[in-house]
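Here is what each chain is made of, one letter per residue.
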Amino acid sequence: MNAPESQNLALFDKTLKSIERDLVTSPTRLGLTYAAGSLAGYFASLAICAQCSVGLTPVAWHTASILHQIPDPWCPFVCGAIFGIAPVIGTLLFFNRFQHRYLLYRMWWLVVALPIIVSVSFAFAANPHDLEWNLSWLVTAIAVPYLFEVGTGFLLRQSRWKELKTT
Amino acid sequence: MAEPSDEELLNLYYEGDAKAIRAFMARHSGRVIAYAEAKGLRHEVAVEVAQEAFLKLHRFIHQYEKGRPALAWFFTIVHRCVIDSYRGSHNRESATEAEFFDGLEGEESALDSAQQDQDVNALLEILPLDQRKLIESRVFEGRSFKEIADSTGKTEVSLRKMYERTRATLRAQFGLKGKEKL
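In this report, the structure presented in the accompanying data block is examined. As the structure is a prediction and not an experimental result, all values here were calculated from the model.

**Description of the pattern of salt bridges**
1) Next: Enumeration over the complete set of coordinates arrives at 11 salt bridges over all chains.
2) Next: In this structure, the salt-bridge partner of Arg106 of chain A is Asp17 of chain B, at a minimum N-O distance of 3.3 Å. You can see Arg106 of chain A sitting in helix 6 (residues 97-106) and its partner Asp17 of chain B sitting in the loop between helix 1 (6-14) and helix 2 (18-38), one on each of two chains.
3) Next: Note on Asp17 of chain B: relative accessible area 10%, which makes it buried.
4) Next: Across the salt bridge formed by Arg160 of chain B and Glu156 of chain B, the nearest N and O atoms sit 3.8 Å from each other. With Arg160 of chain B and Glu156 of chain B both in helix 10 (residues 156-181) and 4 residues apart, this pair spans about one turn of that helix.
5) Next: Judged by its relative accessible area of 44%, Arg160 of chain B is partly exposed.

**As for the state of the cysteines**
1) Next: Applying the stated criterion to the full structure yields 0 disulfides over all chains.
2) Next: Unpaired in terms of disulfides, Cys49 of chain A finds its nearest cysteine sulfur in Cys79 of chain A, a separation of 4.7 Å.

**Considerations on a nonpolar patch on the surface**
1) Next: Judged by side-chain polarity, Trp108, Trp109, Val112 and Ile116 of chain A come together as a nonpolar surface patch covering roughly 410 Å² of accessible area.
2) Next: Examined against the element boundaries, Trp108 of chain A turns out to sit in helix 7 (residues 108-124).

**So, empty space enclosed by the protein**
Residue and element names in this part refer to chain A.
1) Next: Applying the stated criterion across every chain, the model contains 1 cavity of 30 Å³ or more.
2) Next: By volume, the largest cavity is sized at about 40 Å³.
3) Next: Around the largest cavity, the lining residues are Tyr34, Ser38, Tyr42, Pro87, Val88, Thr91, Leu114, Pro115 and Pro145.
4) Next: Counting only elements with at least two residues in the lining of the largest cavity, the list comes to helix 3 (27-48), helix 5 (75-94) and helix 7.
5) Next: Here the residues of the lining of the largest cavity are counted per class, giving 7 nonpolar, 2 polar and no charged.

**So, the nonpolar core**
1) Next: Counting 40 residues, the largest nonpolar core has Leu10, Tyr13, Phe54, Leu57, Ile61 and Phe74 of chain B as its most contacted members.
2) Next: For this core, the secondary-structure elements that each account for two or more residues are helix 2 (13-20) of chain A together with helix 1, helix 2, helix 3 (43-60) and helix 4 (70-88) of chain B.
3) Next: If one sorts the elements of this core by residue count, helix 4 of chain B sits on top with 10 residues.
4) Next: Judged by nonpolar contacts, the second largest core, of 29 residues, contains Ala60, Leu67, Cys75 and Ile142 of chain A.

**Describing the layout of surface pockets**
All names here are of chain A.
1) Next: By volume, the second largest pocket amounts to about 250 Å³.
2) Next: Lining the second largest pocket are Glu20, Arg21, Leu23, Val24, Thr25, Ser26, Arg29, Leu30, Thr33, Phe94, Phe95 and Gln99.
3) Next: Tallying contributions element by element places helix 3 first for the lining of the second largest pocket, with 3 residues.
4) Next: Among the residues forming the lining of the second largest pocket, the class breakdown is 5 nonpolar, 4 polar and 3 charged.

**Points about the interface of chain B and chain A**
1) Next: Contact with chain B, which involves 31 residues of that partner, is made by 29 residues of chain A.
2) Next: Between chain B and chain A, a total of about 2900 Å² is buried, with carbon and sulfur atoms accounting for 60% of that surface.
3) Next: At the junction of chain B and chain A, the tally comes to 3 salt bridges.
4) Next: Of the charged contacts in the structure, one is a salt bridge between Glu20 of chain A and Arg22 of chain B, with a shortest N-O distance of 3.1 Å.
5) Next: Run the count over chain B and chain A and you get 8 residue pairs in polar contact (both at pLDDT 80 or more).
6) Next: Those elements giving two or more residues to the side of chain B that touches chain A turn out to be helix 1, helix 2 and helix 3 of chain B.
7) Next: Split into classes, the residues belonging to the side of chain B that touches chain A amount to 14 nonpolar, 9 polar and 8 charged.

**Structural notes on the packing of helix 2 of chain B against helix 4 of chain B**
Between two packed helices, both the angle of their axes relative to each other and the distance between the axes serve to describe the pair.
Residue and element names in this part refer to chain B.
1) Next: One way to put it is that helix 2 packs onto helix 4 with a least axis distance of 11 Å and a crossing angle of 45°. In terms of orientation, helix 2 lies oblique with respect to helix 4. Considering the relative orientation of helix 2 and helix 4, their crossing is right-handed. Counting all contacts with helix 2, which are made through Phe24, His28, Arg31, Val32, Tyr35 and Ala36, the residues of helix 4 involved are Leu71, Phe74, Phe75, Val78, His79 and Val82.
2) Next: In terms of residue class, the contact of helix 2 with helix 4 is made up of 9 nonpolar, 2 polar and 1 charged.

**Focus on helix 9 (residues 145-152) of chain B**
Residue and element names in this part refer to chain B.
1) Next: Within helix 9, burial applies to Phe145, Ile148 and Ala149. Looking straight down helix 9, one finds that the buried residues subtend no more than 100° of arc, so they occupy a single side. Residues of helix 9 that are exposed and point more than 90 degrees away from the buried face comprise Asp150 and Ser151.
2) Next: One or two residues past the end of helix 9 sits Gly153, with phi positive at roughly 85°.

Rules of the game
- Residues numbered from 1 in each chain as written.
- Chains lettered and ligands numbered in written order.
- Predicted model: local features only at pLDDT ≥ 70, side-chain atom pairs only at ≥ 80, totals over all residues.
- Heavy atoms only, no water.
- Salt bridge = Lys/Arg side-chain N within 4 Å of Asp/Glu carboxyl O.
- Helix = DSSP H or I, 4+ residues; strand = E, 2+ residues; numbered from the N terminus.
- Buried < 20%, exposed > 50% of the residue type's maximum accessible area, 1.4 Å probe, protein only.
- Disulfide = S-S within 2.5 Å.
- Patch = residues over 30% accessible without salt bridge, like charges linked within 9 Å, V, L, I, M, F, W, Y side chains within 5 Å.
- Areas by Shrake-Rupley, 256 points an atom, 1.4 Å probe, with all protein chains shown as cover.
- 1 Å grid on protein atoms, 1.4 Å probe; cavity = no way out; pocket = protein on both sides within 12 Å on 5 of 7 lines; lining within 4 Å.
- Points joined across faces, edges and corners; volume = space filled by probe spheres on them.
- Nonpolar A, V, L, I, M, F, W, Y, C, P; charged D, E, K, R; others polar.
- Core = buried A, V, L, I, M, F, W, Y, C linked by side-chain atoms within 4.5 Å.
- Contact = heavy atoms within 4.5 Å.
- Buried area = accessible area lost by both parts, 1.4 Å probe.
- Polar contact = N/O pair within 3.5 Å; in protein donor to acceptor, adjacent residues only side chain to side chain.
- Axes fitted to C-alpha atoms, helices over the stretch in contact; angles between N-to-C directions.
- Parallel < 35°, antiparallel > 145°, perpendicular 65-115°, else oblique.
- Left-handed = near helix turned anticlockwise from the far one by under 90°.
- Arc of directions from axis to C-beta.

Rendered as structure tokens:
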């Protein structure tokens, strides 16, 4: 940046700061916030519904006992969906549209990796269910946040992806 | 490494990159101020207009379409901010030709030639009182035809016709003055 440019920028210091508040100044910080928010969401889901023999509150066990009355093909899907959706809702609360776009377009690898790492690790830890149940749960727990993020990405794109037809 | 183009900067900004808006602002803030000053605004007002333009850019960046020339799109926002600035100040004395001509769309060539040295107040003196008041209300005060119709008791249709007649008169007058200069 040359001297006149930085001189001009000084006039807009306040405006720039108010705009930058919405944007991503540090990708590392954004990634850590996302990871922390997601993990908090997973804990929240375990507080709402016990999963794979892990329940953090009495309410979670009560919810799990109700859900286990659902016939087996559906039980793992419902449990997996509850496990997967909570962190995504958490991130919606933490981030504005700019930060969410940054996460989806520039740090997509984190959005892809985190549900896989957490869900696989969790499924392997003390699980009383059979393989079929586990696989159904795992696929749902990973697919739900992906589908949710794809939906969010679709909503966030707004008119931006409309390529100009004229050259 | 080559510096990113304006289009690339707006794309990065859309994706939430704070560095991109900083670079875009550094690159164009001077130009925005110069544009507002060229439209007759004082330096302090021009800086305020530029700040408003960047805030509007932030609000409407999602409407920027990929592939569209970034600067042209951004300057439509700047131009609207300049007009809003004039409309915000109901002070006719501070209004200059630029704002006046913005109200008279399509007279861009006249704007370029007349902007420098013609006095709007003197031009308005040639108009009948009701036409002059209409121009003042519509252009300087930024009121809608409906508002003017309510306050004057005339119909919107007749006001629009009078406005067109007045434009034609002024257009002819600008043409005469242009020829005199030649």
